Structures are given as structure tokens and as C-alpha cells.
Amino acid sequence: MSEYAATIPLVIVALAALVAMVAEAFREPGERMPIAWLGIIGLVGSAIVSVVLWDSDARSMGVIRSDNFALFINLVLCAIGILTMLMSGDVVEREQIPAGEYYALTLFGISGMMMMAAATDLLVVFLALEILSLSVYVLTGIRRSSAGGAEAAFKYFLLGAFSSAFFLYGIAFAFALSGSTRIEQIGEVLSRQAAGEPPTLALVAVGLLAVGFAFKVSAVPFHMWTPDAYEGAPTMVTAFMSTAVKAAAFAAFVRVFLSPLEPLKDHWIPVLSVLAAVTMILGTVVGVVQTNG
């Protein structure tokens, strides 16, 4: 198995995004070009490679792992991406959205999501998080004539940068604790310390990482960006954010919390249980009475 085999699915999607950008650059004004189908071809190719890699547990550069969990997320993201491409044609034409930019940003976002699910290093998780976030920020405000879209994108960007800082500080504390940002090595250090009371540094790292992930999955009280972003973005972008972004964030959450942070589960499971309950109850109740203020 090639050393770079684990990266092939996400590289294919990234290359499809580059092809969409080039196609847009050479498209004449008013010319119809099947850019969406270029993206679909890339997503189908990525899905096929993911199936071929099944049960291989390929690893690349020590920071990307294509185990069956990551490959399953790849297939889910490819399915969401294909549906998004197929259903976006009318929206792009009706709202006069730049087709090349729209499809390229969607594909770049999916490549970041795939990397996020397969990363075995916290810094790579952060890099993937920023790749998908920057794509979604722009997609939220891609209707240049929409004041609501611009406002939503700006709010999303500001709050996203805020949450990214929390996540990065969490990585810094994890590194200070273990001397590494590799998920497996962090888990080994925490396992050796599991017999006694965990150090305060470990609990702070867990809390900061949880804030970063909670923002991406719109968990209360880190959900403030969601109503504005979902309302201001084009319909298909809202559908894409509410499915693909959540799937990637939950995948990375599982990868990080159920592996290196498993020795601290007695501390973070109660907190996340309360967070989940509050999100489902408060989020639903408040959503019913919320107005656009």
C-alpha cells in the first residue's frame, strides 16, 4: 500500500475543486458549462477509492488514517456532496450565484471535512477545520447582492474565529501535557495518569477542545451563529452546512474524544450529556419563539 494512499480520497475532491475553478476561469459570460458534473465525477471517484481502501487501515505521513470509520464518513460526505451538486443547478441560476466559485468552494469544504475525519494529529484536525470553515464562510455570503447574506457570513466568521482560538488553545494545553499533538501519544500519556486524579492541564485542554467542537455542531450555548447563517445563506448552502459540516464535526469529535481523551471520560461524559440535553430541549423551544432581530 502506498504511503499516500490514505490521502487519495480527499486529494481527488481537492483536484475536482481546482478543475471547477479553472473551468469557471475559461467560461465565457453567459456560457453554460456543466461544472457541477465535474464535481460529481470527483466525488464519485473519491467514493470509489474509499471503497477500495476499505479494511486497509492505510496511513499517510503519520497524521492521516483511512480506517473504516474515516472511509465511512468519506462515503457519507460524497453522498451529501453529490446530492448538493445535483440539486444546486436551479438555485445557482435563479440567484445568479457564480457557478465555478460555488462548486469549487463546496468541494474544497468537503476535502477539509474528509481530512478532519481522518486526521490523527490535533494540528491537522485544526488545519482541516479551517479549510472547511473558510469555504463555508464564503458560501454563506456568496450572494453578493444580499445584505442578509453578507451580515450572516460576517457574524459566522467572527464567531468562528473566536471558537478556533479556543480549539487552538486546547491543542496547546494538550501539547504541554504530553509533549505531542499526535492523538495516540496524548492517549498514552493520559492512560498512564488515569490511576490518580487527572492534572488540571488535562481538564482545561478537554474543555477548550470541547468548545471548539461544540461550536461546529451548534451546541447550546455556542449556537448563536446558526440562525443568522442558515437564514442568510442560499438554501442549498444551508442544507449543506446542516448535514456535511455536522457529520465532519461529529466524526472529528469521536476521533479525538473516544481515543486520547477516553481515560478522562468520567469527567467529560456528564458535561457533554448536559450539553446535549440542553441543546435538544432549549434549542427547540427557543427556536419556536425566536424572531429576526
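Residues numbered from 1 in each chain as written. Predicted model: local features only at pLDDT ≥ 70, side-chain atom pairs only at ≥ 80, totals over all residues. Heavy atoms only, no water.

Undergrad: Give a description of a nonpolar patch on the surface that names residues and reports values.
TA: Residues V11, L15, L18 and M21 make up a contiguous nonpolar surface patch of roughly 340 Å² in combined accessible area. Along the polypeptide, L18 turns up in helix α1 (residues 8-26). By relative accessible area, which is 41% here, L18 ends up partly exposed. (Patch = residues over 30% accessible without salt bridge, like charges linked within 9 Å, V, L, I, M, F, W, Y side chains within 5 Å. Areas by Shrake-Rupley, 256 points an atom, 1.4 Å probe, with all protein chains shown as cover. Salt bridge = Lys/Arg side-chain N within 4 Å of Asp/Glu carboxyl O. Helix = DSSP H or I, 4+ residues; strand = E, 2+ residues; numbered from the N terminus. Buried < 20%, exposed > 50% of the residue type's maximum accessible area, 1.4 Å probe, protein only.)

Undergrad: Describe the packing of helix α6 (residues 122-140) against helix α7 (residues 147-178), with residues and values.
TA: In contact at an axis separation of 9 Å, α6 and α7 are set at 175° when each is read in the N-to-C sense. On the basis of the axis angle, α6 is roughly antiparallel to α7. For the pair α6 and α7, the contacting residues are L122, L123, V125, F126, L129, E130, V136, Y137 and T140 in the first and G149, A152, A153, Y156, F157, G160, A161, S164, F167, L168, I171 and A174 in the second. Across the contact of α6 with α7, the residue classes tally to 16 nonpolar, 4 polar and 1 charged. (Axes fitted to C-alpha atoms, helices over the stretch in contact; angles between N-to-C directions. Parallel < 35°, antiparallel > 145°, perpendicular 65-115°, else oblique. Contact = heavy atoms within 4.5 Å. Nonpolar A, V, L, I, M, F, W, Y, C, P; charged D, E, K, R; others polar.)

Undergrad: Give me the lowdown on the environment of L127, citing residues and values where you can.
TA: When you line up the elements, L127 lands in helix α6. You can call L127 partly exposed: its relative accessible area is 47%. For the pair formed by L127 and G112, sequence separation is 15 residues and the distance between their alpha carbons is 8.1 Å.

Undergrad: Explain unusual backbone geometry residue by residue, including any values.
TA: In this model, D55 sits at a positive phi of 70°, which is unusual for a non-glycine residue. Topologically, D55 is positioned in the loop between α2 (35-52) and β1 (58-60). In this structure, M61 takes a positive phi of about 55° despite not being glycine. Within the element layout of this structure, M61 appears in the loop between β1 and β2 (64-66).

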